[in-house]
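Here's the letter readout for the chains.
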Amino acid sequence: MVKKSIGIVGAGAAGCVCAYYLLKAGHEVTLFDYGSPLRTILPTGGGRCNLAHAEFDNRELAANYPRGEKFLYSVFSKFSTYDTLALFEELGIETYVQDNGRIFPKSNDSREVRNKILDKIKGINFSKECVNSLNKIDSGFALKTDKSEYYFPFVVISNGGGMKAKHINGINHNIITPLPSLVGLKANITNLSGIVIKNVYSYDCNIKDDVLFTHFGLSGPLIYRISSIKARDSMPYKLIFDLYPAMPDLQQLLNENSKKELKNILSKFFPHRFAEYISAEHSNKKGYEINGQIRNLISNKIHNFEVEIFGTDKGEETVTSGGYDLDEINSKTMESKIYPNLYIIGEALNIDGFCGGFNLQNAWSTAYVAASSIINNNL
Ligand SMILES: Cc1cc2nc3c(=O)[nH]c(=O)nc-3n(C[C@H](O)[C@H](O)[C@H](O)COP(=O)(O)OP(=O)(O)OC[C@H]3O[C@@H](n4cnc5c(N)ncnc54)[C@H](O)[C@@H]3O)c2cc1C
């Protein structure tokens, strides 16, 4: 075997796992990061590291990526959820599947994931340097950092999501402008902060989940998913929700509770403060006092609740949509179609998934595909 020398830019989930496979195959790896390696894994899953999702059908798995779905068919055929579980077993990390399909380490501690991966790559050259530029020379690359200059025949870019990644000059790849995803949305309602409504239906995205009202607008699982689906839509846009799809007919409720105030009738279905908000100036009226016009108005507010979205909660995104244009990357190898021997993996790519372990799955899978392609590359 010819020992290859590989420079990896970014020691996050993708960079470190790519390094692991390359090191295991006996190659020489230098891993660059301006921060400490794998620190980006620590906040994942609220400190528990939701490392994958128990979806074992590759097409179904890929459907969880608003950007990258088709590209990932080939990637997942080489490294699927089964392979992630095998990787974690190999790393000595026991895992379990939570009720909602999310996979975590049994320790529920992202520090275990970090420590065990770092332990496996401790033979690596780690350079705490920021990579500023990459230039093609002969059959390899000149890699300039804030401290020095290197030459590598193979380079892997794994510098993560676009908003936080430090840009690398010299590489003429198209980068889709990064925009926040999996983030709260600024809306024209800010006076309901703290209220949670369960099982809300979004007409726009045809999905149902919980909504949290915040001081800036809306958050919670349903909103995170919508923010991902609509990450590239121009603002402002309107969202319409059914706040209680299974609610009984309002006229029937009014008849059955004719002596109760409207806000108390609606409190059976919503938190009291929200019931007051939605019934507005009619909140103190009794059931028998609500005429057809008011009933239709309230019913419409519940089943066609309109919100105007004019921004994202800045700095709160967990992933970014955008990144290296997938049209310029070979999905079978992760190699650049423009520069042979340059590989791009993880969130640096224009791939992002929903909450639930999908973004780390993308990191592990693309890392493996790049590593095995480098291992099998005969220059
Ligand atoms: C709070 C939070 C919680 C999350 N929870 C989950 C979860 O539970 N499950 C899930 O699947 N996903 C989760 N994600 C998303 C997931 O963490 C990322 O998708 C994943 O870390 C991407 O891996 P990566 O290796 O591509 O990039 P990163 O992990 O972001 O690593 C990129 C690395 O590159 C380095 N870098 C950047 N530019 C340069 C440069 N020029 N020179 C040198 N180094 C550079 C950075 O310092 C960084 O260390 C979460 C994200 C956040 C922010």
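Everything below is about the structure shown above.
As a further point, take the nonpolar core. Core analysis: the largest hydrophobic core is formed by 69 residues, its most contacted members being Val17, Cys18 and Ile345. What Ile345 contacts, discounting residues up to four positions off in sequence, is Ala14, Cys18, Val156, Ser158, Met334, Thr366, Ala367 and Ala370. Listed in part, the 30 residues of the second largest apolar core include Leu182, Ile197, Ile223 and Leu250.

With that settled, the discussion passes to the site of the ligand. Close to the ligand lie 35 residues; Gly10, Gly12, Gly45, Gly160 and Gly346 are nearest. When residues of the shell around the ligand are traced back to their parent elements, those giving at least two are helix 1 (13-24) and helix 11 (358-375). Split into classes, the residues belonging to the shell around the ligand amount to 16 nonpolar, 16 polar and three charged.

Right, let's talk about the packing of helix 4 (residues 81-90) against helix 11 for a bit. Running from N to C, helix 4 and helix 11 cross one another at 85°; their axes reach a closest spacing of 10 Å. Of the possible angle classes, the one that applies to helix 4 and helix 11 is roughly perpendicular. Here helix 4 contributes Thr81, Asp83, Thr84 and Leu87 to the contact with helix 11, which in turn contributes Gln361, Trp364 and Tyr368. Considering only residue class, the contact of helix 4 with helix 11 consists of three nonpolar, three polar and one charged.

Definitions and cut-offs
- Residues numbered from 1 in each chain as written.
- Predicted model: local features only at pLDDT ≥ 70, side-chain atom pairs only at ≥ 80, totals over all residues.
- Core = buried A, V, L, I, M, F, W, Y, C linked by C-beta atoms within 7 Å.
- Buried ≥ 20, exposed ≤ 12 C-beta atoms within 10 Å, placed from the backbone.
- Contact = placed C-beta atoms within 7 Å.
- Near = placed C-beta within 6 Å.
- Helix = DSSP H or I, 4+ residues; strand = E, 2+ residues; numbered from the N terminus.
- Nonpolar A, V, L, I, M, F, W, Y, C, P; charged D, E, K, R; others polar.
- Axes fitted to C-alpha atoms, helices over the stretch in contact; angles between N-to-C directions.
- Parallel < 35°, antiparallel > 145°, perpendicular 65-115°, else oblique.

Note that every value here comes from positions in space, so none of it alone points to a role or purpose.
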